[in-house]
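# Topology and contacts: notes
Here are the chains, one letter per residue:
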Amino acid sequence: MGFRTPPFGRVKDVVNRFTKKEYVVYTDIEAHQGEGKLRLPHESAVRCHPDEFASLYIEPPFHPKRKAYVAVHYRCLKIGDSFYWMEYLQTRERFVEWRSNVGEVEITLLHSDTHAYKQYRSEFHSIENLLHYTNIPLLAIDLIPHPKRRGLLFAIDMNISPQIKGTGLEGILEPSFIVKAIKESFGKQIG
């Protein structure tokens, strides 16, 4: 789709390019919500999972709200032709939990005057432009901050049946609106 991603591939291929790093090894590529993923050091990944899919582990950034290094990701949720942005912020420090969507997570709907939205505004618009031309009426893309280039994001997951419950949108969007938006999107594809 054209998204920037962390380096990825089979463990035995990725580790040859990045030695002495940590990896996210995907033991179940169809699992969701943090399941089916292991954060492993180089030696363990090579020894135990050489043929599994993996990506380079990206350290979480310092988060100004938490005043600590905590796991965070941004979700772009596409419903029909509309886009909604959320920040998923782990409530525990990175040494306790490295995934931003497991355990106690704070989800914030982003709007134009929030710090995160201002920081990633151009990335958000670029991602919306890419997704606008997909034929998928309901999907979510999860993105994490680039470790060295402020304002850039890495795509780490795509879900074509994202959960809306628990995001805060269920209190804003009526189910009938969601159904109508999806149906209209399908109608544009057929018509």
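We now turn to the structure provided with this report. From a predicted model like this one, the values you see are computed outputs, not experimental measurements.

## A few points about a nonpolar patch on the surface
On the surface, F8, I29 and F53 cluster together to form a nonpolar patch covering roughly 320 Å² of accessible area. Looking at where I29 falls in the secondary structure, it is placed in the loop between β2 (22-26) and β3 (37-41).

## As for the nonpolar core
With 21 residues, the main nonpolar core has Y74, W85, F124, I127 and L131 as its most contacted residues. Listed by contribution, the elements that provide at least two residues to this core are β7 (72-79), β8 (82-90), α3 (115-132), β10 (138-145) and β11 (153-159). Among the nonpolar cores identified, the runner-up in size contains 13 residues, and Y84, M86, I178 and A181 belong to it.

## Thoughts on the pattern of salt bridges
Pairing is possible between side chains of opposite charge, provided their charged atoms come close. Applying the stated criterion across every chain, the model contains six salt bridges. Here R10 and D13 are joined by a salt bridge, their closest N and O atoms 3.1 Å apart. Look at R10 and you get partly exposed, because its relative accessible area is 39%.

## Some details on the sheet that holds β11
If you trace the five strands from one edge of the open sheet to the other, you get β9-β8-β7-β10-β11, paired in antiparallel fashion. The open sheet has two edge strands, β9 (105-109) and β11, and neither has a second partner. Looking at each pair of strands side by side, their axes are set apart by 25 degrees on average, direction ignored. Two elements, β7 and β8, share eight bridges in a ladder whose sense is antiparallel. Paired with I79 across the bridge in β8 is S82.

## Looking at the sheet that holds strand β1 (residues 8-10)
Across the sheet, four strands lie side by side as β1-β4-β2-β3; this open sheet has antiparallel pairing. At either margin of the open sheet sits one strand with a lone partner, and together these are β1 and β3. For this sheet, the mean angle separating the axes of adjacent strands, direction not counted, is 30 degrees. Pairing of β2 with β3 involves five bridges; the strand directions are antiparallel. Of the residues in β3, the one forming a bridge with V25 is L38.

Calculation notes
- Residues numbered from 1 in each chain as written.
- Predicted model: local features only at pLDDT ≥ 70, side-chain atom pairs only at ≥ 80, totals over all residues.
- Heavy atoms only, no water.
- Patch = residues over 30% accessible without salt bridge, like charges linked within 9 Å, V, L, I, M, F, W, Y side chains within 5 Å.
- Areas by Shrake-Rupley, 256 points an atom, 1.4 Å probe, with all protein chains shown as cover.
- Salt bridge = Lys/Arg side-chain N within 4 Å of Asp/Glu carboxyl O.
- Helix = DSSP H or I, 4+ residues; strand = E, 2+ residues; numbered from the N terminus.
- Core = buried A, V, L, I, M, F, W, Y, C linked by side-chain atoms within 4.5 Å.
- Buried < 20%, exposed > 50% of the residue type's maximum accessible area, 1.4 Å probe, protein only.
- Pairing = 2+ DSSP bridges.
- Axes fitted to C-alpha atoms, helices over the stretch in contact; angles between N-to-C directions.

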